[in-house]
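Fold and contact review
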Amino acid sequence: MSREWPLWEVFIRGQHGMSHRHVGSLHAADAEHAIKNARDVYTRRNEGVSIWVVEAQDIAASSPSEKGPLYEPAKDKVYRHPTFYDIPDEVGKM
Amino acid sequence: MTPLFEFLLRQGDNALVLGHRTSEWCGVAPALEEDIALANTALDLIGQTQLWLGYAAEVEGAGRSANDLAYLRDVYDFRNVLMLEVPNADFGRTLMRQFLFDAFQVPWLTALQGSDDQQVADIAAKSLKEAQYHLDRSSETVIMLGDGTDESHARMKAALDYLFPYAGEMFADDAIDTAIRESGVAPLPSTVRTQWNETLRRVMNEAYLTIPDTTFNHSGGRTGFRHTEYLGHMLATMQTLQRSYPGATW
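Conventions and cut-offs
- Residues numbered from 1 in each chain as written.
- Chains lettered and ligands numbered in written order.
- Predicted model: local features only at pLDDT ≥ 70, side-chain atom pairs only at ≥ 80, totals over all residues.
- Heavy atoms only, no water.
- Patch = residues over 30% accessible without salt bridge, like charges linked within 9 Å, V, L, I, M, F, W, Y side chains within 5 Å.
- Areas by Shrake-Rupley, 256 points an atom, 1.4 Å probe, with all protein chains shown as cover.
- Salt bridge = Lys/Arg side-chain N within 4 Å of Asp/Glu carboxyl O.
- Helix = DSSP H or I, 4+ residues; strand = E, 2+ residues; numbered from the N terminus.
- Buried < 20%, exposed > 50% of the residue type's maximum accessible area, 1.4 Å probe, protein only.
- Contact = heavy atoms within 4.5 Å.
- Buried area = accessible area lost by both parts, 1.4 Å probe.
- Polar contact = N/O pair within 3.5 Å; in protein donor to acceptor, adjacent residues only side chain to side chain.
- Nonpolar A, V, L, I, M, F, W, Y, C, P; charged D, E, K, R; others polar.
- 1 Å grid on protein atoms, 1.4 Å probe; cavity = no way out; pocket = protein on both sides within 12 Å on 5 of 7 lines; lining within 4 Å.
- Points joined across faces, edges and corners; volume = space filled by probe spheres on them.

1. Some words on a nonpolar patch on the surface
Residue and element names in this part refer to chain A. Nonpolar side chains collect at one region of the surface, where Val 78, Tyr 79, Phe 84 and Tyr 85 lie side by side and expose about 570 Å² of accessible area between them. By the element assignment, Phe 84 lies in the segment after helix H2 (67-71). For Phe 84, a relative accessible area of 64% translates into the label exposed.

Structure below.
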């Protein structure tokens, strides 16, 4: 068994932010410890109101080498972008 | 010295001495995350020191500032409990001491929020939020290390055995405490012992650590009667700049 603490990815929701954003990673023994470390490492300047942590090994990620097949096909399909509509102010942030 | 001045020095010196000891870990803690967390704790404590010693200086009315009290007093003027001035030794002892102190500070500052002295109540209310977080973190770390490897368990046991005889001084009422209670500023420190015992029992139980079976207490720090040899060395480091360059500012 490794003697190193596992790696955790940290997500913080800011004062006015709508969603949690990835801010970085850190090492911690367990989830509770990771949240405390995230509080100390990433919210020292009043950045956040909510913290999520997830162990890095639990994140499934796409492979950079598959960039072509994954993203190229969407490039020439401009009609998928809803840029031709005016959004009424009442709707707020989307 | 009035009882109120003396009382404020006791609060301020506890925060100052532990704050400085904690700051000694800056840059050398066993993990980057712990390094930052310890530095945050140290800064919280130094911030609390400014409030306590600032009010102490005001009460004294001799033209001294919080900085003068922190940097220009000598060992025999300090009123912190001895437990806070002994060296950090290892990370385990540092965190065990932090826990033993936090477990006192939380009920103590909670009680001080009801002080008849508005400034004392305000400082306590502000410090309490920090102390609650410190207690969360220190108790979790003590449990993690006590219930960890053979090595970490042995170190935590040694830390508890070493520090426990120093802890009782936090609750050792004297004539100043009685005068302070009569003026409505604070209850007797001994009144929070039950809560401290309860927290201690719960955390040590989870950490698989046995509370030492002794009633012996080191004392002399909070009365100023006798400090350990360690405080002088600590002050020499902490005060060197103001001693070498009196009045230096930045």
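Now that the structure has been shown, the text picks up again.
2. Side note on the interface of chain A and chain B
Contacts between the two partners involve 12 residues from chain A, matched on the other side by 12 residues from chain B. Carbon and sulfur atoms make up 53% of the area that chain A and chain B hide from each other, which totals about 1,300 Å². A per-residue breakdown of the area chain A buries against chain B is headed by A:Lys36, A:Asp40 and A:Arg44, which together make up 42% of the total. On the surface where chain A and chain B come into contact, there are 10 residue pairs in polar contact (both at pLDDT 80 or more). The set of elements that each furnish at least two residues to the side of chain A that touches chain B consists of strand E2 (21-27) and helix H1 (31-42) of chain A. Counting residues per element, the side of chain A that touches chain B draws most heavily on H1(A), at 7 residues. In the side of chain A that touches chain B, the residues fall into 4 nonpolar, 3 polar and 5 charged.

3. Concerning the layout of surface pockets
Residues and elements named next belong to chain B. Space inside the largest pocket adds up to approximately 900 Å³. Breaking the lining of the largest pocket down by element, the ones donating at least two residues are helix H4 (91-112), helix H5 (118-146) and helix H6 (150-167). For the lining of the largest pocket, the element with the highest residue contribution is H6, accounting for 4 residues. Split by residue class, the lining of the largest pocket holds 11 nonpolar, 7 polar and 6 charged. Estimated volume of the second largest pocket: approximately 620 Å³. Put simply, the parts of the chain that give the lining of the second largest pocket at least two residues each are helix H1 (3-23), helix H2 (32-60), helix H3 (66-71) and helix H9 (229-244). Looking at which element gives the most residues to the lining of the second largest pocket, the answer is H9, with 6 residues. Of the residues that constitute the lining of the second largest pocket, the class distribution is 11 nonpolar, 9 polar and 1 charged.

4. Here's the deal with unusual backbone geometry
Residue A:Asn46 is not a glycine yet carries a positive backbone phi of 65°. In this fold, A:Asn46 is placed in the loop between H1 and strand E3 (48-55). A relative accessible area of 58% means that A:Asn46 is categorised as exposed. Although it is not a glycine, B:Tyr208 adopts a positive phi angle of roughly 55°. With respect to the secondary-structure elements, B:Tyr208 resides in the loop between helix H8 (193-206) and H9.

5. Let's talk about the pattern of salt bridges
Following the criterion strictly, the structure yields 18 salt bridges over all chains and no others. The closest approach of N and O atoms between B:Arg137 and B:Glu34, which form a salt bridge, is 3.3 Å. With B:Arg137 in helix H5 and B:Glu34 in helix H2, the pair connects residues that are 103 residues apart, well separated along the chain. Put simply, B:Arg155 and B:Asp90 hold a salt bridge, and the shortest N to O gap is 3.1 Å. Here B:Arg155 is found in helix H6, whereas its partner B:Asp90 is found in the loop between H3 and H4, with 65 residues between them in sequence. Take B:Arg155: its relative accessible area is 39%, and that puts it in the partly exposed class. One network of salt bridges, with partners in common, ties together A:Arg39, A:Asp40, B:Glu34 and B:Arg137.

Distances and angles like these do not, on their own, reveal function.
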